[in-house]
Amino acid sequence: MPTSEKSVQCGKVQYAPTSLDNDSGPEDRRITRKVDLRLLPILTLLYLLSFLDRSNIGNAKLLTFGQDLGISAPAYNTALAIYFVGYVIFEVPSNVGISISHMHLIHHLSPSRLTSVLRLKRFDPQFWLPSLILTWGIVSIFQGLVKNQAGLFGIRFLLGATEAGLFPGVVYVFSVYYQRRQRSWRVAIFLGGAALAGAFGGIFAYAIGLMNGVGGRKGCQWIFILEGILTVIVSLIAYFLVPTWSHKAKFVRLHKNRVHLLKWLRVDSDAGTNQTFQWSSVGQAFGDHLVWAYPFLFHGFSFVLYSLSLFLSTIIADLASTTVHPIRMMVPPNALASFSIRGTVWLSSRWNFRAPFIIVAARVAIIGYIILLTCTTPGLQYFGIHLVTAGVYTGNSLLLRFVRCRHDLLSIITSNLGGWNSWPGENVSGKTKRAVAVALQITVGDIAAIAGCLLHRPSLSAHLYRKPNLIAIGYLLFAILATCYLWIMMAWENRKTDAIGGGNSQLL
């Protein structure tokens, strides 16, 4: 952590730590609470809806969705994978405008110049994020109106394309309201919306399924239509609730409070350097072993995260017969995951560690998979599902907001591509190199999601998807190795930095 007496140099940028590096003062705590109350509820709700609309197809499948459309089981898996194709293609482009806008915000630090830079309404998160939500809500409604396989494939691609900008866009908004060290806990709450979507989606889908035959439509169709309508309604409300840039936020009414937030940006960022694109930086990114380690870690967790979210309902349905509907049985595991995310990330932030908690989360998930695979009692297998869900969601939340960086090789930054996606978003110095690192993480990470969809095919569904679950254990072991590698190498870099007087070690 930076000391209070001396300035800290990050790359070519120097800044002097101020009282803003510590929010223990009454004024800091009051402003932080005000920001929390304005940002966290609405943004967490938006992510909940995003995960709900992308994963509700699993609940619909239990209500004869595939049979009603006349699509084969392999085609169903393909439809799941196509979503991630659209997501990968559009994730970075969907945020280029908002990122470029904020790059100028950092470069021009006076409040008057900040206002002039950000006048373009299309780059304002108060307009951009609700517009994304409105668009994918409409797409989700049409998902309930498709009549054939081709229509389903097209809608799933559009859903991935329209949802792609939400996560990086929201975390980017966090970057202009919170210091880096404050974001881990807030992003964990935000990411907890994914687990809540699993719990809420199960209850909602079960209730909607009872509408089978209403209006001449199947219950599975009503799941998409009503959840899409809910998303559209929330998006219209979001135009009035999603915050704008911090320098003109109306909920921070006093001028001194706005100045306080702007100082947060100045103190907490080294993005004020004007850097031009250089092909040599691209080569440096591809040649940096740590840049490759980031996406490999995300790759390991991405496989199990999306396999779980999309096929958990099917696995539960394949358990021995029970008086409880399988959709309702999805609620407890996802609720446990939500509590696990909040508690574990709070502890990791308090103790300034991330890597050990990621490793523990992966091991919990592995134990859960082993119980699921080796036990024959439905109750024990259901317990294993709880462990898998808690471990996978918690580990994913931790790795997405993992480390603060250190002096020199991994300088303290706010990513100009959104300040998001963990290590490469916050730790790779140089804008061009950082852009390549983020793009690599998106591509390599989401390739695992596509693989997870395709591997959970009907021919491998025997014994609760035994073979795909064994592969999932392998992916988690791979993620543990990637975490250990990053942990060891960054600790070594910290010691080297401390030896030359850098004095600004990263959190591991």
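Residues numbered from 1 in each chain as written. Predicted model: local features only at pLDDT ≥ 70, side-chain atom pairs only at ≥ 80, totals over all residues. Heavy atoms only, no water.

### Side note on the overall build of the protein
How we decide: Helical segments are the DSSP runs of H or I of at least four residues, strand segments are the runs of E of at least two, and each set is numbered from the N terminus. Note on exposure labels: buried denotes an accessible area under 20% of the residue type's maximum, exposed denotes more than 50%, and partly exposed covers the range between, all computed with a 1.4 Å probe on protein chains only. We call two residues in contact whenever any of their non-hydrogen atoms come within 4.5 Å of each other.
A tally of helices and strands in the protein yields 20 helices and two strands. Here the protein holds 508 residues, and 59% of them are scored as buried. In the protein, the share of contacts with a sequence separation of at least 24, taken over all contacts with a separation of at least 6, comes to 77%.

### Brief notes about the packing of helix α6 (residues 125-143) against helix α8 (residues 166-175)
Using the following cut-off: Axis lines are fitted through C-alpha atoms, for helices just across the contact stretch, and the angle between N-to-C directions can take any value from 0 to 180 degrees. Should an angle lie under 35 degrees it is considered roughly parallel, over 145 roughly antiparallel, and from 65 to 115 roughly perpendicular; all remaining angles are considered oblique. Each crossing is labelled by how the near helix is turned from the far one, with a counterclockwise turn of less than a right angle marking it left-handed and a clockwise turn marking it right-handed. By the convention adopted, Pro, Cys, Tyr, Trp, Phe, Met, Ile, Leu, Val and Ala count as nonpolar, Lys, Arg, Asp and Glu as charged, and the other residues, Gly among them, as polar.
Remark: α6 packs on α8, axes separated minimally by 11 Å, with the N-to-C direction vectors making an angle of 155 degrees. In terms of axis orientation, α6 runs roughly antiparallel to α8. Judged by the twist between their axes, the crossing of α6 over α8 is left-handed. Within the contact between the two elements, α6 uses Pro 125, Leu 129, Leu 132 and Trp 136 and α8 uses Leu 166, Gly 169, Val 170 and Val 173. Residue classes in the contact of α6 with α8 are distributed as seven nonpolar, one polar and no charged.

### As for the nonpolar core
Spelled out, the test is: Each nonpolar core is a collection of buried residues, namely Ala, Val, Leu, Ile, Met, Phe, Trp, Tyr and Cys, held together in the definition by side-chain atoms within 4.5 Å.
Leu 39, Leu 46, Phe 174, Tyr 177, Phe 190, Phe 301 and Tyr 393 are the most contacted members of the largest nonpolar core, which has 122 residues in total. The leading source of residues in this core is helix α13 (residues 289-317), at 17 residues. Discounting residues that sit within four places of it in the chain, Phe 190 has contacts with Leu 43, Thr 44, Tyr 47, Phe 167, Val 170, Val 171 and Phe 174.

### Here's the deal with unusual backbone geometry
The phi angle at Tyr 465 is positive, at roughly 60 degrees, despite the residue not being glycine. Structurally, the position occupied by Tyr 465 is in helix α20 (residues 462-499). A relative accessible area of 5% means that Tyr 465 is categorised as buried.

### A closer look at the pattern of salt bridges
What counts is decided by this rule: In what follows, salt bridge is the name for a side-chain nitrogen of Lys or Arg lying within 4 Å of a carboxyl oxygen of Asp or Glu.
As enumerated under the stated definition, the model contains two salt bridges in all. Here Arg 186 makes a salt bridge to Asp 36, at a shortest N to O gap of 3.0 Å. Within this pair, whereas Arg 186 is found in helix α9 (residues 180-209), its partner Asp 36 is found in helix α1 (residues 26-61), the two being separated by 150 residues in sequence. Under the relative-accessibility criterion, Asp 36 is labelled buried at 17%. For Glu 163, the salt bridge goes to Arg 54, with nearest N and O atoms at 3.2 Å.

### Description of the packing of aromatic side chains
Our working definition: Side-chain rings of Phe, Tyr and Trp (the six-membered ring for Trp) are treated as a pair once their centres are within 6.5 Å; stacked means planes under 30 degrees apart, edge-to-face means over 60, and tilted covers the remaining angles. Either the NZ atom of lysine or the CZ atom of arginine qualifies as a charge over a ring when it sits within 6 Å of the ring centre and within 35 degrees of the ring normal.
Enumeration according to the criterion identifies 15 aromatic pairs in this entry. Between Tyr 47 and Phe 51, the ring centres sit 6.0 Å apart and the planes meet at 55 degrees, which makes this aromatic pair tilted. Within this pair, Tyr 47 and its partner Phe 51 are both found in helix α1, separated by four residues, close to a single helical turn. The same class applies to Tyr 47 as to Phe 51, namely buried. The interplanar angle of 35 degrees and the centroid separation of 4.7 Å between the aromatic rings of Tyr 47 and Phe 190 together place this pair among those described as tilted. Remark: Phe 190 occurs in helix α9 and Tyr 47 occurs in helix α1; sequence separation between them is 143 residues. With respect to class, Tyr 47 is no different from Phe 190; both count as buried. A network of ring pairs unites the aromatic residues Tyr 47, Phe 51, Tyr 83, Phe 84, Tyr 87, Phe 174, Phe 190, Tyr 306 and Tyr 393 as a single cluster. Between Lys 61 and the ring centre of Tyr 76, over which it is positioned, the NZ or CZ distance is 5.4 Å.

### Section: helix α3 (residues 73-91)
Here is the rule: What a helix should span is 1.5 Å times the count of its residues minus one.
Spanning 19 residues, α3 covers 28 Å between terminal C-alpha atoms, matching the ideal 27 Å at 1.5 Å per step. Listed as buried for α3 are Ala 75, Tyr 76, Asn 77, Ala 79, Leu 80, Ala 81, Ile 82, Tyr 83, Phe 84, Gly 86, Tyr 87 and Glu 91.

### Comments concerning the environment of Gly 201
Inspection of the secondary structure assignment puts Gly 201 in helix α9. Separated by 145 residues in the primary sequence, Gly 201 and Asn 56 have C-alpha atoms spaced 6.9 Å apart. Ignoring anything within four residues of it in the chain, the contact list for Gly 201 reads Leu 52, Asn 59, Leu 196 and Glu 227.

### Digging into the side chain of Asn 77
With respect to the element layout, Asn 77 can be found in helix α3. Ignoring anything within four residues of it in the chain, the contact list for Asn 77 reads Phe 311, Cys 453, Leu 454, His 456, Arg 457 and Pro 458.

### What to know about the confidence of the model for the protein
Just so we agree on the cut-off: Per-residue confidence from the predictor is reported as pLDDT, a score between 0 and 100.
With 69% of its residues at a pLDDT of 70 or more, the protein has an overall mean of 75. Taken element by element, the protein is modelled with least confidence in strand β2 (residues 13-15), mean pLDDT 32, and with most confidence in helix α16 (residues 355-374), mean pLDDT 94. Across residues 270-275, where pLDDT falls below 50, the model places 20 contacts with residues more than four positions away in sequence or in other chains. Per-residue pLDDT stays below 50 along residues 403-429; that stretch engages in 138 contacts with residues further than four places along the chain or on separate chains.

### Structural notes on the environment of Ile 341
Here Ile 341 lies in helix α15 (residues 331-351). Classification of Ile 341 as buried rests on a relative accessible area of 0%. In the structure, Ile 341 is positioned 150 residues away from Leu 191 in sequence and 8.2 Å away in space, judged by C-alpha atoms.

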